[in-house]
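# A structural walkthrough
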Amino acid sequence: GQIAEPGPRQQRLYEISVGLTRGLLAKLRSEGRPVEEPGEGQLGRADWLIEALGQLWWWFELGLEPDPWLLQGCQEEFLALKGSMEALVGYSSDALAQADCSELCDILTQTWTLERSLVCGLLWETPPVKLEFGVARILAEVRTRPLTEPPLPGFYDCFYLMTHVVYILNCFNGYLPNR
């Protein structure tokens, strides 16, 4: 609805977005909070938190009062993980060099989600815990990687990572013209 002219169409698109956001929350709520040792199909703390933060973003983006269960869950899980990037994304700063391009892409988007949530004050005015590193550290690691050109093996993962670097730098098209 961002590029729709004000009027009935924009209002309808907004209503659809709100319905989808509420539906995603219902699905997450039905799954429950994360478990310490997730089994098949269950979410662990970090995965639950990333999903929940993505949903929380949309509550704010749509101008809705955030669901208390969702907000409290995000706060509690973030505090429980103590800003440990190894716990949150699976890698410490030193271990990033060991991540392949596909993993680095996931780490980049997860870290962007975490950092955006803290910088934009979705959880707290002033976060009680800081991330061990942020997007800048991952972009520094990406910069050390050789460019894999087609048709060489690994091109697809390298290309996909580079597309996500662009997405991160422009806030997933948040700063690009809509038309």
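Let me begin by describing the structure that accompanies this report. Bear in mind that the values here come from a model prediction, so they are computed numbers and not experimental data.

### Details of the environment of Arg 29
The topology assignment puts Arg 29 in helix H1 (residues 8-31). Classification of Arg 29 by relative accessible area gives partly exposed; the value is 37%. C-alpha of Arg 29 to C-alpha of Leu 70: the two residues are 41 residues apart in sequence and 8.3 Å apart in space. Sequence-distant contacts of Arg 29, defined by excluding residues within four places in its chain, comprise Asp 67 and Trp 69.

### Some details on the nonpolar core
If you look at the biggest cluster of nonpolar residues, it comprises 45 residues, and the most contacted ones within it are Phe 78, Leu 88 and Leu 114. Every element with two or more residues in this core is listed here: H1, helix H2 (45-61), helix H3 (68-81), helix H4 (85-89), helix H5 (101-119), helix H6 (135-144) and helix H7 (155-169). No other element matches the 9 residues that H2 contributes to this core. Non-local contacts of Leu 114, meaning those with residues more than four positions away in its chain, are made with Leu 49, Ile 50, Leu 53, Phe 78, Met 85, Leu 88, Val 89 and Leu 131.

### Side note on the packing of H6 against H7
Put simply, H6 and H7 touch, their axes get as near as 12 Å, and they point 145° apart. When you trace H6 past H7, the crossing you get is left-handed. Residues Val 135, Leu 139 and Val 142 of H6 pack against Leu 161, Met 162, Val 165, Ile 168 and Leu 169 of H7.

### Examining the packing of H2 against H5
Two elements in contact, H2 and H5, have axes whose closest approach is 10 Å; the angle formed by their N-to-C orientations is 50°. Judged on the interaxial angle alone, H5 and H2 are oblique. Seen along the crossing, H2 lies across H5 with a hand that is left-handed. On H5, the residues that touch Leu 49, Ile 50, Leu 53, Gly 54 and Trp 57 of H2 are Gln 110, Thr 113, Leu 114, Arg 116 and Ser 117. Classifying every residue of the contact of H2 with H5 gives 5 nonpolar, 4 polar and 1 charged.

### Quick look at the pattern of salt bridges
Taken as a whole and judged by the stated rule, the model has 9 salt bridges. For Glu 31, the salt bridge is made with Lys 27, and the minimal N-O distance between the two is 3.1 Å. Here Lys 27 and Glu 31 lie together in helix H1, a separation of 4 residues that amounts to about one turn. Three or more residues are tied together by salt bridges with common partners; here these are Arg 33, Glu 36, Arg 45, Glu 76 and Glu 77.

### Description of H2
Over its 17 residues, H2 runs 24 Å from end to end, which matches the ideal 24 Å to within 8%, given 1.5 Å per residue. For H2, every residue scored as buried is listed here: Ala 46, Trp 48, Leu 49, Ile 50, Ala 52, Leu 53, Gln 55, Leu 56, Trp 57 and Trp 59. Of the residues flanking the end of H2, it is Gly 63, one or two places downstream, whose phi is positive at about 75°.

### Re the environment of Arg 33
Topologically, Arg 33 is positioned in the loop between H1 and H2. Along the sequence, Arg 33 and Gly 54 sit 21 residues apart, while their C-alpha atoms lie 15 Å from each other. Setting aside residues up to four positions removed in sequence, Arg 33 forms contacts with Trp 48, Trp 69, Gly 73, Glu 76 and Glu 77. A polar contact of 3.0 Å, which involves the side chain of Arg 33, links it to the side chain of Glu 76. Within polar-contact distance, the side chain of Arg 33 engages the side chain of Glu 77 at 2.7 Å.

### Re H7
Helix length check: H7, at 15 residues, gives a terminal C-alpha distance of 21 Å against a target of 21 Å (1.5 Å per residue), a fit within 8%. Along H7, the positions that sit buried rather than exposed are Cys 158, Leu 161, Thr 163, His 164, Val 165 and Ile 168. Residues of H7 that are buried in the fold lie against H5 and H6. Once H7 finishes, Cys 171 follows within two positions and takes phi at roughly 55°, a positive value.

Cut-offs applied
Residue positions are given per chain, counting from 1 as you read along its sequence in written order. Per-residue local features of the predicted model are confined to residues with pLDDT of at least 70, and side-chain atom pairs are confined, for both listing and counting, to 80 or more; whole-chain, interface and lining totals are unaffected and use all residues. Side-chain descriptors were evaluated using all non-hydrogen atoms of the structure, hydrogens and water having been removed beforehand. Counting from the N terminus, the helices are the DSSP runs of H or I reaching at least four residues and the strands are the DSSP runs of E reaching at least two. Here the term buried applies to any residue with accessible area under 20% of the maximum for its type, exposed to any over 50%, and partly exposed to those in between, with areas from a 1.4 Å probe on protein chains only. The contact definition used throughout considers only heavy atoms, calling two residues in contact when any of these lie within 4.5 Å. For our purposes a nonpolar core is just a set of buried Ala, Val, Leu, Ile, Met, Phe, Trp, Tyr and Cys residues, chained together by side-chain atoms within 4.5 Å. To obtain each axis, a line is fitted to C-alpha atoms, and for helices this fit is confined to the stretch in contact; angles are then taken between N-to-C directions over 0 to 180 degrees. Two helices cross in a left-handed way if the nearer one is turned anticlockwise from the farther one by less than a right angle. They cross in a right-handed way if the turn is clockwise. Angles are sorted into four bins: roughly parallel if under 35 degrees, roughly antiparallel if over 145, roughly perpendicular if 65 to 115, and oblique for all others. For this classification, the nonpolar set comprises Ala, Val, Leu, Ile, Met, Phe, Trp, Tyr, Cys and Pro, the charged set comprises Asp, Glu, Lys and Arg, and every other residue, Gly included, is treated as polar. Between Lys or Arg on one side and Asp or Glu on the other, a salt bridge is scored when a side-chain nitrogen of the former is within 4 Å of a carboxyl oxygen of the latter. An expected span of 1.5 Å times one less than the residue number is assigned to each helix. Polar contact is the term for a pair of N or O atoms within 3.5 Å; when the atoms are in protein, one must be able to donate a hydrogen and the other to accept it, and sequence-neighboring residues count only if both atoms are side-chain atoms.

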